[in-house]
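This is what each chain is made of:
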Amino acid sequence: MKERNYTLDFIRACSHMNPVSRMIKSEYITSDERALKDIFSLVAEKNENLKVNITKTNLSDSDAWFYDKEKGEIRNHNNSFFQIRGLQQFCGGEVILEQPVLIQNEIGYLGIICKEIDGVLKFLMQAKIEPGNVNKIQISPTIQATKSNFTQKHSGKKPAYLDYFLNAKPENIIVDQIQSEQSSRFLGKRNRNIIIIVNEDIEILPSHMWMTLGTIKQLMKIHNLVNMDTRTVLSCIPYCSAKLTDMEKCEIYEMFSDKALFRSMFNDNEQDFVKVYHYINDYKMLHSRENKIIPLTEMKNWNFTDSGITHKTGYPFKVIFCDIEIEGREVTHWTQPLFEAEGMAVFGLITADFDGVRKFLVHAKPEAGCFDGIELAPTVQLESSAAENDYSHMDKLFFELCDSGAEIKNNVILSEEGGRFYHEENKNVIIKVRPEQIGELSDGYFWLDYKTLNHMVQYNNVLNIQLRNLLSLLDF
């Protein structure tokens, strides 16, 4: 891992800067081997000593969840958390998609607390386990709570640090966005992504630790260590709003090993908002796809049994039922359904330099569960079940470029949200190519610089979670 040195004068220079600039400085400061060893030791200790027991079971064995025949859905007895129903999507009167879908209308918190410590902005991160995690503990935000959690519908304890977010003052808020979740699994699901800065001393629980942004980026290079919720929150940091002085720009420029990315972030580049929004708004206005919610038992291509819901010929996921025991949580023992992945998806992002400015090739992608129908997605977003004859031209080109020696900027296996998904991992790949290797773009594809994408993520429901997660991996 890359080590960076910094002086006391350098640290002190951070304190007068605006919060976004201080986050850039925080990314510059990574951890040495000793500090990383402390993080790995904490994760290993919790993985070894935390009592966890997760077993697949039957729906009829649950005393909290059942199939409601009248509503045609799987739900729990107090009608909270989420429900599972059938979804059909129609185009031209024909059913083009049919699957179970998670319906969770409530908006939860994904929140990170920051604090300046010894002149450096640090992030309060949590070593947290979710029932669906493939490897137990992952590095999570300060707070990760559904509305049912923090309103205590489950009769559990109030999530730690909740009051800091409930009582946050506007001047201490860096990020406050409602962003989409996985639209291939959820119907219109969104969460509140929020970052706040505090000045007062706060109690640090044994499950939490302070990290610089640079340290978190180091940990993102390790398979399945930094969870999805952390990645989506960090992707929302509003670098595009940083009002840098010429001196600050020069100082930050020297920190960037990728100068083209610096220019992509901070130069006054011409931005393509009109072109992109025109395409997206045309889709929202003119597309003919319609969704219909149906009872689970009316899905024609799925088998619904006491042990789960499976597709008759094959699909990217199935529904299972689990009995879960995890010590140290607000509730320590419960049952619930989870969506189990059938294989590993691939999310790929192509990047190229245009006259010294880094741009990213993104795709306006419709998804059945998308709150607004369509969002900007990575260049490639392929489920595990995708067959080669279903690949688009850009999908095929992406794999050809990977095989022919394209520069791999990132290649890491990362987990999806473990509170609803069981052992779901995806391969996240960013490759650098020459613009001429891509040629003329197909309809719905756009070359956009980082500043444009970062500006768009400040608005709800424009960049999908796969694209946000990939952008969070970028190492300045």
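Just above sits the structure.
So, a few notes on the structure that sits alongside this text. Given the structure is predicted, the values throughout are model-derived calculations rather than measurements.

The rules behind each value
- Residues numbered from 1 in each chain as written.
- Predicted model: local features only at pLDDT ≥ 70, side-chain atom pairs only at ≥ 80, totals over all residues.
- Heavy atoms only, no water.
- Helix = DSSP H or I, 4+ residues; strand = E, 2+ residues; numbered from the N terminus.
- Expected span 1.5 Å × (residues − 1).
- Buried < 20%, exposed > 50% of the residue type's maximum accessible area, 1.4 Å probe, protein only.
- Arc of directions from axis to C-beta.
- Contact = heavy atoms within 4.5 Å.
- Axes fitted to C-alpha atoms, helices over the stretch in contact; angles between N-to-C directions.
- Parallel < 35°, antiparallel > 145°, perpendicular 65-115°, else oblique.
- Left-handed = near helix turned anticlockwise from the far one by under 90°.
- Nonpolar A, V, L, I, M, F, W, Y, C, P; charged D, E, K, R; others polar.
- Phe/Tyr/Trp six-rings, centres within 6.5 Å; stacked < 30°, edge-to-face > 60°.
- Polar contact = N/O pair within 3.5 Å; in protein donor to acceptor, adjacent residues only side chain to side chain.
- Lys, Arg positive; Asp, Glu negative; His and termini not counted.
- Salt bridge = Lys/Arg side-chain N within 4 Å of Asp/Glu carboxyl O.
- Pairing = 2+ DSSP bridges.

## Side note on helix H3 (residues 33–49)
Reasoning step 1: Over its 17 residues, H3 extends 24 Å from the first C-alpha to the last, a length consistent with the 24 Å expected when each residue adds 1.5 Å.
Reasoning step 2: Burial in H3 covers these residues: Leu36, Ile39, Leu42, Val43 and Lys46. Considered in projection along H3, the buried side chains sweep an arc of 120° and stay on one side of the axis. Of the exposed residues in H3, those oriented more than 90 degrees away from the buried face are Glu33, Arg34, Lys37, Asp38 and Glu48.
Reasoning step 3: Structurally, H3 contributes buried residues whose contacts are with strand E7 (120–129), strand E8 (137–140), strand E12 (208–211) and helix H6 (213–219).

## Brief notes about the packing of helix H2 (residues 19–28) against helix H8 (residues 246–255)
Reasoning step 1: Where H2 meets H8, the closest approach of the two axes is 10 Å, and the angle between their N-to-C directions is 25°. Put simply, H2 runs roughly parallel to H8. Every pair of crossing elements has a handedness; the one defined by H2 and H8 is left-handed. In contact with Ser21, Ile24, Lys25 and Tyr28 of H2, H8 contributes Glu248, Glu251, Ile252 and Met255.
Reasoning step 2: Across the contact of H2 with H8, the residue classes break down as four nonpolar, one polar and three charged.

## Section: the side chain of Gln466
Reasoning step 1: Structurally, Gln466 can be placed in helix H13 (residues 465–472).
Reasoning step 2: Residues in contact with Gln466, not counting those within four places in the same chain, are Gln182, Phe347, Glu367, Pro378 and Gln381.

## With respect to the packing of aromatic side chains
Reasoning step 1: All told, the structure shown has 20 aromatic pairs when counted by the stated rule.
Reasoning step 2: A ring pair is formed by Tyr109 and Phe165, whose centres lie 6.0 Å apart and whose planes are at 40°; its orientation type is tilted. With Tyr109 in strand E6 (residues 108–117) and Phe165 in helix H5 (residues 162–166), the pair connects residues that are 56 residues apart, well separated along the chain. Like Phe165, Tyr109 is buried.

## Concerning the environment of Glu417
Reasoning step 1: The topology assignment puts Glu417 in the loop between strand E22 (407–415) and strand E23 (421–422).
Reasoning step 2: As for Glu417 and Val457, which are separated by 40 residues in sequence, their C-alpha atoms are 20 Å apart.
Reasoning step 3: If we ignore the near neighbours within four places in the chain, the residues touching Glu417 are Glu130, Gln144, Gln182, Met228 and Asp229.
Reasoning step 4: A distance of 2.9 Å separates a polar side-chain atom of Glu417 from the backbone nitrogen of Gly419.
Reasoning step 5: A polar contact of 3.1 Å, which involves the side chain of Glu417, links it to the backbone nitrogen of Arg420.

## So, the side chain of Glu248
Reasoning step 1: Within the element layout of this structure, Glu248 appears in helix H8.
Reasoning step 2: This buried residue, Glu248, is left without a salt bridge; Lys25 holds the nearest opposite charge, at 7.5 Å.
Reasoning step 3: In terms of polar contacts, Glu248 uses its side chain to reach the backbone amide nitrogen of Thr245, at 3.0 Å.

## Things to note about the pattern of salt bridges
Reasoning step 1: If you walk through the whole model with that rule in mind, you get 22 salt bridges.
Reasoning step 2: Here Lys56 and Glu340 are joined by a salt bridge, their closest N and O atoms 3.0 Å apart. Here Glu340 lies in strand E17 (residues 333–341) and Lys56 lies in strand E1 (residues 52–57), a separation of 284 residues in the sequence.
Reasoning step 3: Residue Glu340 is classed as buried on the basis of its relative accessible area of 13%.
Reasoning step 4: A salt bridge links Glu130 to Lys128, with the shortest nitrogen-to-oxygen separation between them at 3.9 Å. For the pair Glu130 and Lys128, one class covers both residues: buried.
Reasoning step 5: Ionic contacts of the salt-bridge type, sharing partners, join the residues Asp258, Asp353, Arg358 and Lys432 into one network.

## Comments concerning the environment of Thr146
Reasoning step 1: With respect to the helices and strands, Thr146 occurs in the loop between strand E9 (143–145) and helix H4 (147–150).
Reasoning step 2: On the basis of relative accessibility, which here comes to 15%, the residue Thr146 falls in the buried class.
Reasoning step 3: For Thr146 and Glu27, which are 119 residues apart along the polypeptide, the C-alpha to C-alpha distance reads 29 Å.

## Some remarks on the pairing of strand E16 (residues 317–326)
Reasoning step 1: For E16, the buried fraction is high: seven of the 10 residues fall into the buried class.
Reasoning step 2: Across six bridges, E1 lies against E16 in antiparallel orientation. When the bridges of E16 are listed, Ile54 appears paired with Ile324.
Reasoning step 3: Here strand E15 (residues 308–311) runs beside E16; their pairing, made up of two bridges, is antiparallel. Within E16, the residue paired with Ile309 across the bridge is Val319.
Reasoning step 4: Two successive antiparallel strands, E15 and E16, enclose a turn made up of five residues, where Gly314 displays a positive phi of approximately 130°.
Reasoning step 5: One ladder, built from nine bridges, connects E16 with E17; its direction is antiparallel. Note that in E17 the partner of Ile324 across the bridge is Trp334.
Reasoning step 6: Joining the antiparallel neighbours E16 and E17 is a turn of six residues, in which Gly328 adopts a positive phi near 90°.

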